[in-house]
Amino acid sequence: FEVANENTLILAEGGEVARVNGISYTYLPDAIAAAAAASDASNPVTVEILNNAQINATVTIPANANIIITDDGRAHTISRSADFNTSRGVMFDVINSGASLTFTSTSGSNAECRLIIDGANQAFYSGNCAVAVVRGGATLTINSGVKICNNYSTGAGGVIRAEGGTLTVNGGVFTGNNVVNNGAG
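Summary of the structure given here. Please read these numbers as outputs of a predicted model, since none were measured by experiment.

About the thresholds
- Residues numbered from 1 in each chain as written.
- Predicted model: local features only at pLDDT ≥ 70, side-chain atom pairs only at ≥ 80, totals over all residues.
- Heavy atoms only, no water.
- Helix = DSSP H or I, 4+ residues; strand = E, 2+ residues; numbered from the N terminus.
- Buried < 20%, exposed > 50% of the residue type's maximum accessible area, 1.4 Å probe, protein only.
- Contact = heavy atoms within 4.5 Å.
- Phe/Tyr/Trp six-rings, centres within 6.5 Å; stacked < 30°, edge-to-face > 60°.
- Lys NZ or Arg CZ within 6 Å of the ring centre and 35° of its normal.
- Pairing = 2+ DSSP bridges.
- Axes fitted to C-alpha atoms, helices over the stretch in contact; angles between N-to-C directions.
- Core = buried A, V, L, I, M, F, W, Y, C linked by side-chain atoms within 4.5 Å.
- Salt bridge = Lys/Arg side-chain N within 4 Å of Asp/Glu carboxyl O.
- Arc of directions from axis to C-beta.

Check the secondary structure of the protein and you find 1 helix and 20 strands. Buried positions account for 51% of the 185 residues belonging to the protein. Partitioning the intrachain contacts of the protein with sequence separation of at least 6 by distance along the chain shows that 79% fall at a separation of at least 24.

Set out below in structure tokens:
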């Protein structure tokens, strides 16, 4: 599991933030690391979000990891914290060869989004501030029932920046996102 720096922390607003294979985690990076270790290209592992959480640094999906992030049947938000500590502002990097990240929801309906990724309208002035970046050999999928909102980018990519990776959008709600240069909000 890779992070922007050693201080990466995702804070749960109610104790345990995620569950992987029946084991609960207080920090989302630990849950994602467990999912990455147990997954491979043909065997995805699900990270079930149990509570609202704030992310304060970029989470990078490792090469050849196949991770699904979903809700537990209730609405939960993963948001960029006020002290997000990278100048880029990217929440999720899906940039390593063979890496796969899927955001999905148990609702399966855009009328009832249960997994919410919130950029918190924070501006980072050194470039790309997309919620997620996908590039060369990696895959990002967004399914119905997922809402990506309130992202503000001064660089390329108002929501998702695709640079040679595979981006698949099977639904989802994109609202309140803004970009100054090079991309759509």
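Still more ground to cover, so stick around.
Right, let's get into the packing of aromatic side chains. Scanning the entire structure with this criterion turns up 1 aromatic pair. When the ring of phenylalanine 92 is compared with that of phenylalanine 103, the centres are 5.3 Å apart and the planes differ by 75°; the resulting orientation is edge-to-face. In this pair, phenylalanine 92 sits in strand β10 (residues 92–94) while phenylalanine 103 sits in strand β11 (residues 100–103), placing the two residues 11 residues apart along the sequence. Per residue, the accessibility class of phenylalanine 92 equals that of phenylalanine 103, and both read buried. Lying over the aromatic face of phenylalanine 84, arginine 80 brings its terminal NZ or CZ to 5.5 Å of the ring centre.

With respect to topology, 7 strands assemble into an open sheet ordered β4-β3-β5-β8-β11-β14-β18, the strand pairing being mixed. Edge strands, defined here as strands with exactly one partner in the open sheet, are β4 (23–25) and β18 (166–170). The sheet shows a mean angle of 20° between the axes of neighbouring strands, direction not considered. Summarising the sheet, β11 and strand β14 (residues 139–143) pair through 4 bridges and their orientation is parallel. Across the sheet, the residue bridging to leucine 101 is leucine 140, located in β14.

The next thing to look at is the nonpolar core. Core analysis: the biggest nonpolar cluster contains 39 residues, and Val47, Ile67, Ile69, Ile78, Phe92 and Phe103 have the highest contact counts within it. Once you skip the residues sitting within four places of it in the chain, phenylalanine 92 turns out to touch Val59, Ile69, Ile78, Leu101, Phe103, Ile117, Val131, Ala132 and Val133.

So, on to the pattern of salt bridges. In the structure shown here, the tally under the stated rule is 5 salt bridges. A salt bridge links arginine 114 to glutamate 112, with the nearest nitrogen and oxygen atoms 2.9 Å apart. Take arginine 114: its relative accessible area is 17%, and that puts it in the buried class. Using a relative accessible area of 41% as the deciding quantity, one classes glutamate 112 as partly exposed.

All right, on to helix α1 (residues 28–38) then. Taken as a whole, α1 has its buried residues at Leu28, Pro29, Ala31, Ile32, Ala35 and Ala36. Taken down its axis, α1 places every buried residue within 160° of arc, on the same side.

Our focus in this paragraph is the pairing of β14. With 4 of 5 residues buried, β14 is to be regarded as a mostly interior element. Strand direction decides the pairing type here: β14 and β18, joined by 5 bridges, are parallel. By the bridge assignment for β18, leucine 140 is matched with leucine 167.

Below, the discussion takes up the side chain of threonine 102. Position of threonine 102 relative to the elements: it lies in strand β11. The residues touching threonine 102, leaving out its near neighbours within four places in the chain, are Ile67, Ile68, Ile69, Thr141 and Asn143.

Here we come to the environment of isoleucine 148. Turning to its location among the elements, isoleucine 148 is positioned in strand β15 (residues 146–149). The class of isoleucine 148 is buried, set by a relative accessible area of 0%. Residues isoleucine 148 and asparagine 177 lie 29 residues apart in sequence; the distance between their C-alpha atoms is 8.1 Å. Residues in contact with isoleucine 148, not counting those within four places in the same chain, are Ile117, Val131, Ile142, Val159, Ile160, Val173, Phe174, Thr175 and Asn177.

This brings us to the pairing of β15. In terms of strand pairing, strand β12 (residues 115–118) meets β15 through 4 bridges, oriented parallel. Note on β15: the bridge partner recorded for leucine 115 is valine 146. Bridge analysis of β15 against strand β19 (residues 173–175) gives 3 bridges, and the strand direction is parallel. Across the sheet, the residue bridging to cysteine 149 is threonine 175, located in β19.

The values are spatial; any link to function lies outside them.
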